[in-house]
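# Reading the structure
In case you want the letters, here they are:
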Amino acid sequence: MKSYIFNKIKNGETPFLKSTKQFLLKAHAQRINFRHAIAQKFPNTIKPDIEIVTIAITSKCNLGCQGCSYGRDFMPLEYLTLEQVKEILDNMKEMGLEHVWFYGGEPIMVHNEDLIEMVRYATKLGLISTLGTNGVMLTPKVMDELHAVGLGRLSIGLYGIGETYNEYVQRVDAFEKLDQNISYIRKTYPKISLSLGWLLMKPTCTKEAVNELTTFAKKHQLRFSINLVHYDFPYFTDGIKE
């Protein structure tokens, strides 16, 4: 019984810890809403507050999403070197910025040792690292290496469920790999912050698609956000073949 209670406390599952977390999230949201309300009336009283820096370390991607030409036509084979990223992280430290988001393309497509070193260096500087990924290449081996150097947050983009996903990204069994990788992460690293970013576009803008998303999120006990696709971006289309 003692070990059961201890594990509940360790994993943040007690009613007190859950209610405290909900209170803090609500307080943070109220703070943001208050700041926005003040800024609308007195725009000069509140200055920009940078909370996160997103670094697109590569345009390369392992998927071939029907609605995205970012790494194929718009910015093919672009990337930042390890030294360039370290310089950005040093600048963040000097400016007092605490949260870096490694993004792409697919960030795992950079040389694996470079990505590990980027996260390691950010951790050394006391920065919080988030990896924005499609999750298909986030195998147990890669996840273990990233977690070992301090990665504590993951945001996984989601473009459908099951065969709908595979058809959109134009890769066989991609969703199955993603599902397996998420299962491993939830089982092995229950404390890691893991969320889904659902891309709302014409192919996924249906009641059935949202219901499938909700079922998938509940299966893995994940929170999710819904992100609108920006069709005015030069590298996005609706993903529907004529």
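Look above for the structure.
Since the model is a prediction, treat every value here as computed from it, not as a measurement.

### A word on the overall build of the protein
Helix and strand counts for the protein stand at 9 helices and 6 strands. Considering only contacts in the protein between residues 6 or more positions apart, those separated by 24 or more positions represent 70%. Total accessible area computed for the protein in this model is approximately 14,900 Å², and 57% of it derives from carbon and sulfur atoms.

### Looking at the pairing of strand β2 (residues 99-103)
The two faces of a sheet get side chains in turn, since along a regular strand they alternate between them. As defined by bridge partners, strand β1 (residues 53-56) adjoins β2 across 4 bridges and the pair is classed as parallel. Bridge assignment links I55 to a residue of β2, and that residue is F102. Pairing analysis gives 4 bridges linking β2 to strand β3 (residues 128-133), with the strands arranged parallel. Residue pairing across strands places H99 opposite I128, the latter belonging to β3. Assessed by its sense of winding, the connection that carries the chain from β2 through helix α5 (residues 112-124) to β3 is right-handed.

### Some points on the pattern of salt bridges
Following the criterion strictly, the structure yields 4 salt bridges and no others. For E145, the salt bridge is made with K141, and the minimal N-O distance between the two is 2.8 Å. With E145 and K141 both in helix α6 (residues 140-148), this residue pair falls 4 residues apart, about one helical turn. Under the relative-accessibility criterion, E145 is labelled partly exposed at 26%. Since its relative accessible area comes to 55%, K141 is described here as exposed.

### Re a negative patch on the surface
On the surface, E163, E167, D173 and E176 cluster together to form a negatively charged patch. Here E167 lies in helix α7 (residues 163-169). Overall, the relative accessible area of 53% leaves E167 in the exposed class.

### Digging into the nonpolar core
Ranked by internal contacts, the top residues of the largest apolar core, which has 56 residues, are L89, F102, L158 and Y165. Among the elements that line this core, the one with the most residues is α5, at 6 residues. When near neighbours in sequence (up to four residues on either side) are disregarded, L158 contacts Y165, F175, L178, L196, G197, W198, L199, L213 and F216.

### Considerations on the sheet that holds strand β6 (residues 223-228)
If you trace the 6 strands from one edge of the open sheet to the other, you get β1-β2-β3-β4-β5-β6, paired in parallel fashion. Of all strands in the sheet, those bounded by a partner on one side alone are β1 and β6. Shown here is a sheet whose adjacent strand axes are inclined to one another by a mean of 25°, direction ignored. Running at roughly 160° to β2, helix α4 (residues 82-95) makes contact with β1 and β2 of the sheet. Its contacts with the sheet put helix α8 (residues 174-188) on β4 (153-158) and β5 (193-200), and the angle it makes with β4 is roughly 155°.

### Here we look at the pairing of β3
Among the 6 residues of β3, 5 are classified as buried, and the element is accordingly described as predominantly covered. The sheet contact formed by β3 and β4 spans 4 bridges and is parallel. Opposite T133, over in β4, you have I156 as the bridge partner. Between β3 and its parallel partner β4, the chain crosses via α6, and the hand of that crossover is right-handed.

The rules behind each value
- Residues numbered from 1 in each chain as written.
- Predicted model: local features only at pLDDT ≥ 70, side-chain atom pairs only at ≥ 80, totals over all residues.
- Heavy atoms only, no water.
- Helix = DSSP H or I, 4+ residues; strand = E, 2+ residues; numbered from the N terminus.
- Contact = heavy atoms within 4.5 Å.
- Areas by Shrake-Rupley, 256 points an atom, 1.4 Å probe, with all protein chains shown as cover.
- Pairing = 2+ DSSP bridges.
- Right-handed = clockwise from strand over helix to strand, strands pointing away.
- Salt bridge = Lys/Arg side-chain N within 4 Å of Asp/Glu carboxyl O.
- Buried < 20%, exposed > 50% of the residue type's maximum accessible area, 1.4 Å probe, protein only.
- Patch = residues over 30% accessible without salt bridge, like charges linked within 9 Å, V, L, I, M, F, W, Y side chains within 5 Å.
- Lys, Arg positive; Asp, Glu negative; His and termini not counted.
- Charge placed at Lys NZ, Arg CZ, Asp CG, Glu CD.
- Core = buried A, V, L, I, M, F, W, Y, C linked by side-chain atoms within 4.5 Å.
- Axes fitted to C-alpha atoms, helices over the stretch in contact; angles between N-to-C directions.

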